[in-house]
Amino acid sequence: MDSSVITGSTIPEPRDGIEFESHEAAYSFYKDYAKSVGFGTAKLSSRRSRSSKEFIDAKFSCIRYGNKQQSDDAINPRPSPKIGCKASMHVKRRQNGKWYIYSFVKEHNHELLPAQVHFFRSHRNDDPLKNDIRIRRRKNLSSVSKLFGAYQNVDCLEGYMRNQHDKGRSLVLESGDAQVLLDLFMHMQEENPKFFYAVDLNEEHRLRNLFWVDTKGMEDYSNFDDVVCFDTTYFTNKYKIPLVFFIGVNHHIQPTLLGCALIADETVYTFAWLMQTWFMAMGERAPQLMLTDQNNALKAAIGAVFPQTCHCFCLWHILEKIPRQLEYLSLWHDNFMVKFNKCIFKSWTEEQFEKRWSKLLDKFNLREVEWVRSLYEDRKYWVPAFMRDLSFAGLSTMSRSESLTSSYDKYVHAETSMREFIEQYKTILEDRYEEEAKADFDAWHETAELKSPSPFEKQMSLVYTHEIFRKFQVEVLGAAACHLKKESQDETTTMYTVKDFEDGQNYMVEWNETKSDIYCSCRSFEYKGYLCRHAIVVLQMSGVFSIPPKYVLQRWTNAALSRHPISERLDEVQTKVRRYNDLCRRAIILGEEGSLSQESYNIALCAIREALKQCASLNNSAETSACPNTSGSIEEENQYRNTSKERAPDLQVTGADKATRRAGAANTKESNHSSAVKKGKVC
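Residues numbered from 1 in each chain as written. Predicted model: local features only at pLDDT ≥ 70, side-chain atom pairs only at ≥ 80, totals over all residues. Heavy atoms only, no water.

## Re the state of the cysteines
Item 1. Enumeration over the complete set of coordinates arrives at zero disulfides.
Item 2. Free of any disulfide, Cys522 has its nearest neighbouring cysteine sulfur in Cys532, separated by 3.5 Å. (Disulfide = S-S within 2.5 Å.)

## Overview of helix H11 (residues 370–377)
Item 1. Within H11 the residues assigned to the buried category are Trp371, Val372, Ser374 and Leu375. The buried side chains of H11 occupy one side of the element, clustering within an arc of 160° when seen end-on. The outward face of H11, more than 90 degrees from its buried face, is lined by the exposed residues Glu370 and Glu377.
Item 2. Tucked inside the fold, the buried residues of H11 contact helix H8 (315–325) and helix H10 (350–363). (Buried < 20%, exposed > 50% of the residue type's maximum accessible area, 1.4 Å probe, protein only. Helix = DSSP H or I, 4+ residues; strand = E, 2+ residues; numbered from the N terminus. Arc of directions from axis to C-beta. Contact = heavy atoms within 4.5 Å.)

## Considerations on unusual backbone geometry
Item 1. Of note in this structure, Lys238 is not a glycine but carries a positive phi near 60°.
Item 2. Judged by its relative accessible area of 69%, Lys238 is exposed.

## Looking at the sheet that holds strand S16 (residues 482–489)
Strand pairing in a sheet is mediated by backbone hydrogen bonds. Such pairs are either parallel or antiparallel.
Item 1. The sheet built from four strands is open, its strands ordered S16-S17-S18-S19 with antiparallel pairing. Strand pairing shows two members of the sheet lacking a second neighbour, S16 and strand S19 (517–520), which therefore form its edges. On average, each strand axis in the sheet is tilted by 20° relative to the strand beside it, whichever way the strands run.
Item 2. As paired elements, strand S17 (residues 494–500) and strand S18 (residues 505–512) share seven bridges and run antiparallel to each other. Within S18, the position partnered with Asp500 by the bridge is Gln505. (Pairing = 2+ DSSP bridges. Axes fitted to C-alpha atoms, helices over the stretch in contact; angles between N-to-C directions.)

## Considering the pattern of salt bridges
Item 1. The final tally for this structure, using the stated rule, is 22 salt bridges.
Item 2. Two residues, Glu21 and Lys98, come together in a salt bridge whose shortest N-O distance is 2.5 Å. Placement of Glu21 in the loop between strand S1 (19–20) and helix H1 (23–37) and of Lys98 in the loop between strand S4 (88–93) and strand S5 (99–105) is noted, with a sequence separation of 77 residues between them.
Item 3. Here Lys299 makes a salt bridge to Asp378, at a shortest N to O gap of 2.6 Å. Here Lys299, found in helix H7 (residues 296–305), pairs with Asp378, found in the loop between H11 and helix H12 (418–445); they are 79 residues apart in sequence, far enough to count as distant. (Salt bridge = Lys/Arg side-chain N within 4 Å of Asp/Glu carboxyl O.)

## Here we look at the environment of Val91
Item 1. By the secondary structure assignment, Val91 is in strand S4.
Item 2. The buried category is assigned to Val91, whose relative accessible area is 0%.
Item 3. Residues Val91 and Ala58, 33 residues apart in the sequence, show an inter-C-alpha distance of 5.4 Å.
Item 4. For Val91, the residues in contact, after removing those within four places along its chain, are Ala26, Asp57, Ala58, Phe60, Trp99, Tyr100, Ile101 and Tyr102.

## Structural notes on the pairing of strand S10 (residues 207–213)
Item 1. Most of S10 is tucked away, with six of its seven residues classed as buried.
Item 2. Two strands pair when backbone bridges link them, and S10 and strand S13 (residues 255–262) are joined in this way by three bridges, in the antiparallel orientation. For Trp212, the partnering residue across the bridge sits in S13 and is Cys260.

## Some words on the nonpolar core
Item 1. With 75 residues, the main nonpolar core has Phe340, Trp357 and Trp382 as its most contacted residues.
Item 2. When residues of this core are assigned to their parent elements, the largest contribution, six residues, is made by helix H9 (residues 333–345).
Item 3. What Phe340 contacts, discounting residues up to four positions off in sequence, is Leu319, Ile322, Trp357, Leu360 and Trp382.
Item 4. Counting residues in each nonpolar core, the second largest holds 31 residues, with Phe230, Val244, Leu274 and Leu298 among its members. (Core = buried A, V, L, I, M, F, W, Y, C linked by side-chain atoms within 4.5 Å.)

## A closer look at the side chain of His110
Item 1. Mapped onto the fold, His110 is located in the loop between S5 and strand S6 (134–135).
Item 2. Under the relative-accessibility criterion, His110 is labelled buried at 18%.
Item 3. Not counting residues within four places of it along the chain, the set of residues in contact with His110 comprises Cys62, Arg64, Ile83 and Cys85.

## Examining a positive patch on the surface
Item 1. Judged by side-chain charge, Lys339, Lys342, Lys355, Lys359 and Lys363 come together as a positively charged surface patch.
Item 2. Residue assignment for the positive patch shows that the elements contributing at least two residues are H9 and H10.
Item 3. Here the positive patch gets three residues from one element, more than from any other, and that element is H10.
Item 4. Take Lys355: it is sitting in helix H10. (Patch = residues over 30% accessible without salt bridge, like charges linked within 9 Å, V, L, I, M, F, W, Y side chains within 5 Å. Areas by Shrake-Rupley, 256 points an atom, 1.4 Å probe, with all protein chains shown as cover. Lys, Arg positive; Asp, Glu negative; His and termini not counted. Charge placed at Lys NZ, Arg CZ, Asp CG, Glu CD.)

## With respect to the sheet that holds strand S3 (residues 55–62)
Item 1. Taken in spatial order, the five strands make up an open sheet running S1-S5-S4-S3-S2, and their pairing is antiparallel. Across the chains shown, the open sheet's two edge strands, defined by having one partner strand only, are S1 and strand S2 (41–48).
Item 2. Inspection of the sheet shows S3 paired to S4 by five bridges, in the antiparallel sense. Bridge assignment links Ser61 to a residue of S4, and that residue is Ser88.
Item 3. Across the face of the sheet, H1 comes into contact with S1, S2, S3, S4 and S5 while running at roughly 15° to S3.

## Some details on the packing of aromatic side chains
Item 1. Evaluation of the coordinates by the stated rule reveals 38 aromatic pairs.
Item 2. Considering the side-chain rings of Phe340 and Trp382, the 6.3 Å spacing of their centres and the 10° angle between planes classify their relative orientation as stacked. In this pair, Phe340 is assigned in helix H9 and Trp382 in the loop between H11 and H12, connecting sequence segments 42 residues apart.
Item 3. Taking relative accessible area as the criterion, Phe340 reaches 2% and is therefore assigned buried. (Phe/Tyr/Trp six-rings, centres within 6.5 Å; stacked < 30°, edge-to-face > 60°.)

## Considering the environment of Arg419
Item 1. Residue position: Arg419 is located in helix H12.
Item 2. The class of Arg419 is partly exposed, set by a relative accessible area of 48%.
Item 3. As for Arg419 and Gly176, which are separated by 243 residues in sequence, their C-alpha atoms are 9.1 Å apart.
Item 4. Contacts of Arg419, omitting those with residues within four sequence positions, involve Ser175, Gly176, Asp177 and Val180.

## Here we look at H7
Item 1. Here H7 has its buried residues at Ala297, Leu298, Ala301, Ile302, Ala304 and Val305. Seen from one end, H7 has its buried residues packed into an arc of 165°, which puts them on one side.
Item 2. Along its buried surface, H7 packs onto strand S11 (227–231), helix H6 (268–281), strand S14 (289–292) and strand S15 (310–313).
Item 3. N-cap assignment for H7: the residue whose side-chain oxygen lies 2.8 Å from the backbone N of Ala297 is Asn295. (Polar contact = N/O pair within 3.5 Å; in protein donor to acceptor, adjacent residues only side chain to side chain.)

## Here's the deal with the pairing of S14
Item 1. The alternating pattern of S14 places Leu289 and Leu291 and Met290 and Thr292 on opposite faces, both of which are buried.
Item 2. Here three bridges tie S11 to S14, and the two strands are oriented parallel to one another. What sits directly across from Val228, in S14, is Met290.
Item 3. Judged from the four bridges that link them, S14 and S15 form a sheet pairing that is parallel. Bridging from a neighbouring strand, Met290 pairs with His311 of S15.
Item 4. Between the parallel pair S14 and S15, the chain is carried across by H7, and the sense of this crossover is right-handed. (Right-handed = clockwise from strand over helix to strand, strands pointing away.)

Laid out in structure tokens, this is it:
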């Protein structure tokens, strides 16, 4: 039987006696079977006839067949996937030249991976990145924490491809830079064993790519993995060090550093290696949305490594290229930008965009411009009309200066050397740590100031972090400068035109009262994560006086670090946030008192462990929802405001404790007003 007889998506299981035209056909059949089940294959052995010299015997096996042998190379050990698996297929040749299955062992001693099967080397030809590139064997020196065992599946990285002309490329560093980096990594791992770094070597064993991430970056990603920006600005602008960043954003609208890398080039291989390595460092959790520059190699790599992730281009990356790509339009630049902005930002539907784009090309004779053609082909990656259901958390803006990624520009300049960057890297971590601790402290100790009688403002003041609330507050106040007009209405949806007198623009708002769906053409919610003034005025005029729960993103609330999702009912959200804030305030005081001596520390730690145990038991009980809330004996303390006396079923003690220690360490002076702080206490 040849593998060509396999039809449909069902691959027959091997069985004794099945015949093939050749042993290669037999191996092809076994590979197809392995791919459908979820394991990699290898040709284990073969034997020729002594008289005819023809192959008469062959054995194929799972990639994990056999036992691991110790590598002789202590500096660059060869990784081995072998773990003693016995799965195999033995074939023999008959006198008539046909081959048949002599024996078949089906059972494996490890997990099968049908969803990741394309990463195995034996199935590499099915990889979407195969055009004009070949497989290279991965020679990679990896040094990681014991916490991360992802590198034991080395086939995942060995399956990536590289252009034949790129094999000699290596990272350009000045003399001594490699030692500086190694010293940094050793120091970081001494301070925290969870620090992660990985090194990629080229065919000549020279450094090609380098990636690292600190523990705080991994912790931040566990809480905010919805949107990640991969920033290649410093590399593409030819800075002295070929640096790229993975950047996220926390609940205080502060940039979080989720990883750094030094890369040798912009090939598919480099980006695929980097994305896969970052993916493993982050606990093998893919981001929901990734923002990058417009780059075909990046597009192919992200599509292969993160097939379920939505990939988009940063708006400012597109807009900043216009003067350079269309410099011959300088005489018409202002007029062109007016038309271009109208096409991109004022197109309510995809059909509107298509018509306006066509007119734009004709008016400025751009149909033959390759870059403009590429923009249109990639329109679903960056044009707002195609991004109705996405959320960018403020990471995609119209200019670099407005972007959160630009916050790192003050640390890295065109002439920054590697040694200077290492010093700046430590400063980046310290500054980010301090800023977040200060924001956490303010959130727990200050109450937002209301500036209007709006029920929307009052509602969100108890939910949003201070930074988001201040931005939302601007929208609430701005609603007074908006006037709406009903345009149309059907059974489910009402369309409004909202005139914004502050910027003199008209916006379209679509409101579905049955589903509580609202959509504005300014796309504030998609790009910023909170509703705009135009949506607010429509809700107000429709008799709705609270923000629908689906438009309150947990990542912007004070409960963002909680492992429990916020409720669909906003009153429960407000109650939970009150409890959360109150417990965080009390945890700060407990941390201060408990740290004064070893005895007090033991008491505090014991109390926390017991409380966590009881809360976890309560929350995991199937009868939790039926249990009434019990009043706690909360002492009256004059520094607490809006204290809830309910029991807190959604408390995440570990997250609160981490944040509390940060806030307490960074802001001890500000907490001295607490009545629980003793006289003469040394912080």
